[in-house]
Amino acid sequence: GTDCIRTLAYDPARDLVYVGTYGAGLTVINAATRRIATQQTDDQYRWVSALHLDANGLLWGGSYNGPWCYDPSAGRIISYTLPSNSDTPPRIYGIGSSPDGTKWFGTDDGLYRVDEVTREVRQYTEADGLSSNVIRDILCTTTGEVWVSTLSGLSRLSPRSGRIDSFRSYDGLQGNEFRSGAAFKSSSGRLYFGGLGGITYFS
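Conventions adopted
- Residues numbered from 1 in each chain as written.
- Predicted model: local features only at pLDDT ≥ 70, side-chain atom pairs only at ≥ 80, totals over all residues.
- Heavy atoms only, no water.
- Helix = DSSP H or I, 4+ residues; strand = E, 2+ residues; numbered from the N terminus.
- Rg over C-alpha atoms; globule rule 2.2 N^0.38 Å.
- Buried < 20%, exposed > 50% of the residue type's maximum accessible area, 1.4 Å probe, protein only.
- Areas by Shrake-Rupley, 256 points an atom, 1.4 Å probe, with all protein chains shown as cover.
- Core = buried A, V, L, I, M, F, W, Y, C linked by side-chain atoms within 4.5 Å.
- Contact = heavy atoms within 4.5 Å.
- Salt bridge = Lys/Arg side-chain N within 4 Å of Asp/Glu carboxyl O.

1. Notes on the overall build of the protein chain
The secondary structure content of the protein chain amounts to zero helices and 19 strands. Taking 2.2 N^0.38 as the reference for a compact globule, 203 residues should give roughly 17 Å; the C-alpha atoms of the protein chain span a radius of gyration of 16 Å, in line with that estimate. Counting only C-alpha atoms and orienting by the principal axes, one finds that the protein chain spans roughly 45 × 35 × 30 Å. Considering the protein chain as a whole, with its 203 residues, one finds that 47% of them fall into the buried category. For the protein chain, the accessible surface area stands at approximately 10200 Å², while carbon and sulfur atoms represent 45% of it.

2. Quick word on the nonpolar core
Membership of the largest hydrophobic core is limited to 12 residues, which are Ala9, Leu16, Tyr18, Leu26, Val28, Tyr45, Val48, Leu51, Leu59, Trp68, Tyr70 and Ile77. Secondary structure elements with two or more residues in this core: strand S2 (16-21), strand S3 (26-30), strand S5 (48-53) and strand S7 (66-71). Contact partners of Leu26, with chain neighbours within four places excluded, come to Tyr18, Val19, Gly20, Thr38, Gln39, Gln40, Val48, Leu51, Leu59, Trp68 and Tyr70. If you look at the next biggest cluster of nonpolar residues, it comprises 11 residues, including Trp104, Tyr124, Leu157 and Ile164.

3. Quick look at the pattern of salt bridges
On inspection of all chains with the given rule, the structure shows nine salt bridges. With its nearest N and O atoms 3.6 Å apart, the salt bridge here joins Asp43 to Arg46. Exposure remark for Asp43: the relative accessible area of 61% places this residue in the exposed category. One salt bridge in this structure joins Arg179 and Glu177, with 3.7 Å as the shortest N-O distance. Beyond isolated ion pairs, a larger network of salt bridges with shared partners links Glu145, Arg156, Arg163 and Asp165.

4. Quick word on the side chain of Asp11
With respect to the helices and strands, Asp11 occurs in strand S1 (residues 5-11). Among the residues examined, Asp11 registers a relative accessible area of 2% and is labelled buried. Apart from residues no more than four positions distant in its own chain, Asp11 is found in contact with Leu16, Tyr18, Leu53 and Gly57.

Right under this line is the structure:
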């Protein structure tokens, strides 16, 4: 085990707590019994940087070796290849799912969109209007908009039109620099993003 916990996720349907660590992989805890159900310590995924539970109950994880998927029914990690312009897999700092199932991966080289049906991949960068190529976290709204916090502001992507609007401290944000693992969507739909200067939230 390790005391260096990086990220958490909760599966209410199965009453499982997922614990992503730096160095010891993924730990799955049965919340009812408060006991460890399983541990995934594959060397390739020991350094967990992001966790996201999708609508189908699959857990998506991010690491310095790209993304992966954990199937709780099978109790195993499934490798997932995200195409990259470099020889090494992109580091994953944030993961999100749109209502239609589209997956979004935030990296240090922009935002990646993966269509779960066609497997088509689209990369968005500063050249497309993102406030920074270094993505910190991702939240998707029920209307399909994708909000990403970055190293230098917030960006809102409207997938249907492809339009990206970016916001910075002079727009009323807590500051320009945001942190990974510091994003939350409430049941009312309000979005929260945390950074060096506090929290920015809005509906």
